[in-house]
Amino acid sequence: MGKFFPFTLFFLTLLQGKDFWSEAEGDKNCSVSESIMEQINGSVQMERVLLYTFLEVSSDCRFREQLHSLQSQGIVSFPKGSYGYDDEVELQTDGNRSGHLQNGELVFDPEVNEEVIRIIAAQLAEIGDQFDKEIKARVVNDLAQHFLNENLSGEEITQRMSEAVEGLARAIPSDMEQEKAMLVLAMVLTKKIANTMPSLLQRVFSTTVNYISQQLHNYIVRMLRE
């Protein structure tokens, strides 16, 4: 059988949509295995952990109760051991795990542990404090209104987030590499919206994870390995 890379599978999820995968899980004759679904979830684990830690170490986080509930709900998990990302982790389509999957979860390489992620998140939060002052309330409020619109699909709201980040990246002068600036801006927007409306945290968090997974995954991998 062929092999799928986890990041490829993540994009398949975005392209096909939730309905496709819901049908696949309910169809006993479907060739998509539960193990592949687990691999898709694992492929964005690093983004979840990085964003969560960024928000947690931010000095002006006013939604800590809602943030910690993401862990209790299982939306963000901190497995025992170390975090790291190996782009060559693979999963056989017959359901047999290879690479670093154990008990349905990715076991990350020891290249990047939780402490490294915390240090990097703290550094990004410091940069975020500088950007925070440059982001006008109108941008945050406009984006928050999109999140309040339940008629927008996940793909549409992710596009709104992308447009907001790109607009800020053009408007705010910075001599840092563009990918880092866009990563920090996305996470700062998440924080500012949640500070304004804590009830939106879960949707904003999931959207930001989708955005940085689509646009900045490879950059994050490189950053954590440096």
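Preceding block: the structure.
The present account deals with the structure reproduced in this document.

Conventions adopted
- Residues numbered from 1 in each chain as written.
- Predicted model: local features only at pLDDT ≥ 70, side-chain atom pairs only at ≥ 80, totals over all residues.
- Heavy atoms only, no water.
- Helix = DSSP H or I, 4+ residues; strand = E, 2+ residues; numbered from the N terminus.
- Buried < 20%, exposed > 50% of the residue type's maximum accessible area, 1.4 Å probe, protein only.
- Areas by Shrake-Rupley, 256 points an atom, 1.4 Å probe, with all protein chains shown as cover.
- Salt bridge = Lys/Arg side-chain N within 4 Å of Asp/Glu carboxyl O.
- Axes fitted to C-alpha atoms, helices over the stretch in contact; angles between N-to-C directions.
- Parallel < 35°, antiparallel > 145°, perpendicular 65-115°, else oblique.
- Contact = heavy atoms within 4.5 Å.
- Nonpolar A, V, L, I, M, F, W, Y, C, P; charged D, E, K, R; others polar.
- Core = buried A, V, L, I, M, F, W, Y, C linked by side-chain atoms within 4.5 Å.
- Left-handed = near helix turned anticlockwise from the far one by under 90°.

Digging into the overall build of the protein
Part 1: Scanning the protein from N- to C-terminus turns up eleven helices and four strands.
Part 2: Expressed as a percentage of its 226 residues, the buried residues of the protein come to 45%.
Part 3: Of the roughly 11,900 Å² of accessible surface on the protein, 45% is carried by carbon and sulfur atoms.

With respect to the pattern of salt bridges
Part 1: Scanning all chains against the criterion turns up six salt bridges.
Part 2: A salt bridge links Lys191 to Asp60; the nearest nitrogen and oxygen atoms lie 3.1 Å apart. In this pair, Lys191 sits in helix α9 (residues 178-196) while Asp60 sits in the loop between α4 (45-57) and α5 (64-72), placing the two residues 131 residues apart along the sequence.
Part 3: Classification of Lys191 by relative accessible area gives buried; the value is 1%.
Part 4: Linking Asp132 and Lys191 is a salt bridge whose minimum nitrogen-to-oxygen distance equals 3.2 Å.

Topic: the packing of α9 against helix α11 (residues 217-225)
Part 1: In the contact formed by α9 and α11, the axes pass within 10 Å of each other and the chain directions differ by 100°. When the interaxial angle is binned, α9 and α11 end up roughly perpendicular. Across from Glu179, Lys180 and Leu183 in α9, the residues of α11 making contact are Tyr219, Ile220, Arg222 and Met223.
Part 2: Here the residues of the contact of α9 with α11 sort into four nonpolar, no polar and three charged.

Topic: the nonpolar core
Soluble, globular proteins show a tendency: their nonpolar side chains are buried together.
Part 1: If you look at the biggest cluster of nonpolar residues, it comprises 57 residues, and the most contacted ones within it are Leu50, Leu124, Ile135, Leu183, Leu189, Phe205 and Ile220.
Part 2: Listed by contribution, the elements that provide at least two residues to this core are α4, α5, α6 (114-132), α7 (137-148), α8 (154-171), α9, α10 (201-215) and α11.
Part 3: Not counting chain neighbours up to four residues away, the residues in contact with Ile220 comprise Met46, Glu47, Leu50, Leu183 and Ile212.

Remarks on the environment of Lys136
Part 1: Within the fold, Lys136 resides in the loop between α6 and α7.
Part 2: In this structure Lys136 comes out as exposed when scored by relative accessible area, which is 57%.
Part 3: Along the backbone, Lys136 and Leu168 are 32 residues apart, and their C-alpha atoms lie at a distance of 9.6 Å.

Details of the packing of α4 against α5
Part 1: Taken N-terminus to C-terminus, the directions of α4 and α5 make an angle of 155°; their axes are 11 Å apart at the nearest point. With respect to their mutual orientation, α4 and α5 come out roughly antiparallel. Here the hand of the crossing between α4 and α5 comes out left-handed. Counted together, Tyr52, Leu55 and Glu56 of α4 and Arg64, Leu67, His68, Leu70 and Gln71 of α5 form the full contact between these two elements.

What to know about the environment of Leu152
Part 1: Assignment of secondary structure puts Leu152 in the loop between α7 and α8.
Part 2: Classification of Leu152 by relative accessible area gives buried; the value is 13%.
Part 3: Residues within four places of Leu152 in sequence aside, it is in contact with His146, Ile157, Arg160 and Arg203.

Focus: the side chain of Asp132
Part 1: Tracing the chain through its elements places Asp132 in helix α6.
Part 2: Setting aside chain neighbours within four positions, we find Asp132 in contact with Asp60, Val188, Lys191 and Lys192.

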